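Secondary and tertiary structure notes
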Amino acid sequence: MFKVLISACAYLALSLPVLAAPYDLEPINEQITIPWGITQLPDSALLVTDRQGQLYHIDVNGKSTSVSGLPNIVAERQGGLLDVVLHPQYEKTPWIYISYSAGTEDASNTAILRAKLDKQGDNMALSHTQILYMADAYASKSVHFGSRIAFDTQGLLYFSIGDRGMRDVNPQDISRDSGKIYRLNDDGSVPKDNPFVDKEGAKSAIYSYGHRNPQGMALNLHTSAIWAHEHGPKGGDELNIIEKGANYGWPVISYGVNYSGTSFTDLTEKAGMQQPITYWVPSIAPSAMVFVTSERYPELAKQLLIGSLKFAKLISVSLDGDKVTGQQDLLENLGRVRSLHQGQDGYLYIGIDGRGVFKINPLKDSDKSE
């Protein structure tokens, strides 16, 4: 498969954004500390998760309301309240899907729930809450929970869980949770054609395995495939097209090394293991991704946007079908880009750690600098 090595530039000190394209960042909410997930309701209000354990409803006038009714959340290190998405037919099937870390401080893992949003006067609350998946809780460091959620064109639900810092135990063992991407029906039941349904001892919800920590996942509407990117160790961040039953190799193969600089594998390829369509050395620490289909951004048609935590920027990736043909830095010096969302209104929304949530507005021709 065609591969492109994308090398990141040296880290730039944070300052006001340097706009590499004609865009303006409009503040939506500057109080949310770690805006992990963003989604937009039909009335254009936003739902935004703060990893620290709060869900916010932000109406079109900018009024922010904390939504009650969340489950017990273990907000430790990389764990907390994570992604939020709507059912693809939300107006007919008004379910909201949320990922979060559950369990105790000593043993936790990623869980998926769905709920409905109720408005009671000025108050917002989740109701009809249903736990769809509760991964086995492992005693480990509070790292590598994943977790992104995406629906495919058939209305099937995909979500990711990282290896939970147990690289030599979880990713290659399909009898254990973690280091996997899962697929469920929208009600939490397991599709009959999932790859390991008939495999004795396997977790039947698993769709692919051998993942390290996927924190970006999106439906490519141009091909109907689910794409995901994941953090490598030191180097070796990957962009993958997710295929049924496929093994993505972690930690047997990798383009990265230990954080100390030592090697944990001599292999970058192995029979039966998928190659990424792109990888980054050094790591960019990718988090969130979106395929641009909105007519508000014609210059970004068929581009894939990826946020970088490490280099504080938004990257635009050019595609030719399933091939990556290049990349450019679209917005720089932003802060740690945590979340991206293309809203039902066609606008792009971005969440930045320590700064909050912003709308990316294309500048009118009359507003562009000479």
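An account of the accompanying structure is given in this report. Since the model is a prediction, treat every value here as computed from it, not as a measurement.

Cut-offs used in this document
Counting of residues starts from 1 at the beginning of each chain's written sequence and follows it residue by residue. Totals for whole chains, interfaces and linings use all residues, but because this is a predicted model, local features are given only for residues with pLDDT of at least 70 and pairs of side-chain atoms are given and counted only at 80 or more. As a rule here, side-chain values come from all non-hydrogen atoms in the structure, and water together with hydrogens is ignored. Nine residue types can take part in a nonpolar core, namely buried Ala, Val, Leu, Ile, Met, Phe, Trp, Tyr and Cys, and a core is a set of them joined through side-chain atoms within 4.5 Å. Only protein chains enter the accessibility calculation, which uses a 1.4 Å probe; a residue is then buried when its area is under 20% of its type maximum, exposed when over 50%, and partly exposed in between. Working definition: helices are DSSP H or I runs of at least four residues, strands are E runs of at least two. Numbering for both runs from the N terminus. Only heavy atoms matter for contacts: two residues are in contact if any of them lie within 4.5 Å across the pair. For two strands to be treated as a pair, DSSP must find at least two bridges joining them. To get an axis, a line is fitted to the C-alpha atoms, and for a helix only the part in contact is used. The angle between two axes follows their N-to-C directions and goes from 0 to 180 degrees. The criterion for an aromatic pair is that two Phe, Tyr or Trp rings (for Trp, the six-membered ring) have centres within 6.5 Å, with stacked assigned to planes under 30 degrees apart, edge-to-face to planes over 60 apart and tilted to the rest. Throughout this description, the term charge over a ring refers to an Arg CZ or Lys NZ atom that lies within 6 Å of the ring centre and within 35 degrees of the ring normal.

**Here's the deal with the nonpolar core**
If you look at the biggest cluster of nonpolar residues, it comprises 27 residues, and the most contacted ones within it are Leu-305, Leu-314, Ile-350 and Ile-360. For this core, the elements supplying multiple residues, two or more each, are strand 3 (23-29), strand 5 (46-50), strand 20 (286-291), strand 23 (323-332), strand 24 (337-342), strand 25 (348-352) and strand 26 (356-362). Per-element accounting of this core gives the leading share, four residues, to strand 25. In this view, Ile-350 contacts Leu-25, Ile-38, Leu-314, Leu-334, Val-337, Ser-339, Leu-340, Gly-356, Val-357, Phe-358 and Ile-360; residues no more than four positions away in its chain are not counted.

**What about the sheet that holds strand 15 (residues 206-209)?**
In spatial order, the strands read 12-13-14-15; together these four strands make up an open sheet with antiparallel pairing. Single-partner strands in this sheet number two, and they are strand 12 (149-151) and strand 15. Geometrically, the sheet is characterised by an average inter-axis angle of 20 degrees between neighbouring strands, direction not taken into account. Sheet analysis places strand 14 (residues 180-184) next to strand 15, joined by three bridges and oriented antiparallel. Its bridge partner lying in strand 15, Ile-181 is registered against Ser-208.

**So, the sheet that holds strand 25**
Spatially, 3-26-25-24 is the arrangement adopted by the four strands of the open sheet, whose pairing is antiparallel. Each edge of the open sheet carries a strand with a single partner, namely strand 3 and strand 24. Geometrically, the sheet is characterised by an average inter-axis angle of 25 degrees between neighbouring strands, direction not taken into account. Judged from the five bridges that link them, strand 24 and strand 25 form a sheet pairing that is antiparallel. From the neighbouring strand, Leu-340 faces strand 25, where its bridge partner is Ile-350.

**Looking at the packing of aromatic side chains**
Any pair of aromatic rings gets described here by the distance separating the centres and the angle formed by the planes. Evaluation of the coordinates by the stated rule reveals ten aromatic pairs. Taken together, a centroid distance of 5.1 Å and an interplanar angle of 75 degrees make the contact between Tyr-97 and Phe-151 edge-to-face. Taken together, the residues Tyr-97 in strand 9 (residues 96-103) and Phe-151 in strand 12 connect sequence positions 54 residues apart. The same class applies to Tyr-97 as to Phe-151, namely buried. Geometrically, the ring pair formed by Tyr-255 and Tyr-279 is stacked, given 3.8 Å between the ring centres and 15 degrees between the ring planes. Note that Tyr-255 is positioned in the loop between strand 18 (237-241) and strand 19 (278-280) and Tyr-279 in strand 19, a separation of 24 residues in sequence. One aromatic cluster is present, formed by Tyr-133, Phe-159 and Tyr-182 through successive ring pairs. Just above the ring of Trp-95 sits the side chain of Lys-116; from NZ or CZ to the centre is 4.8 Å.

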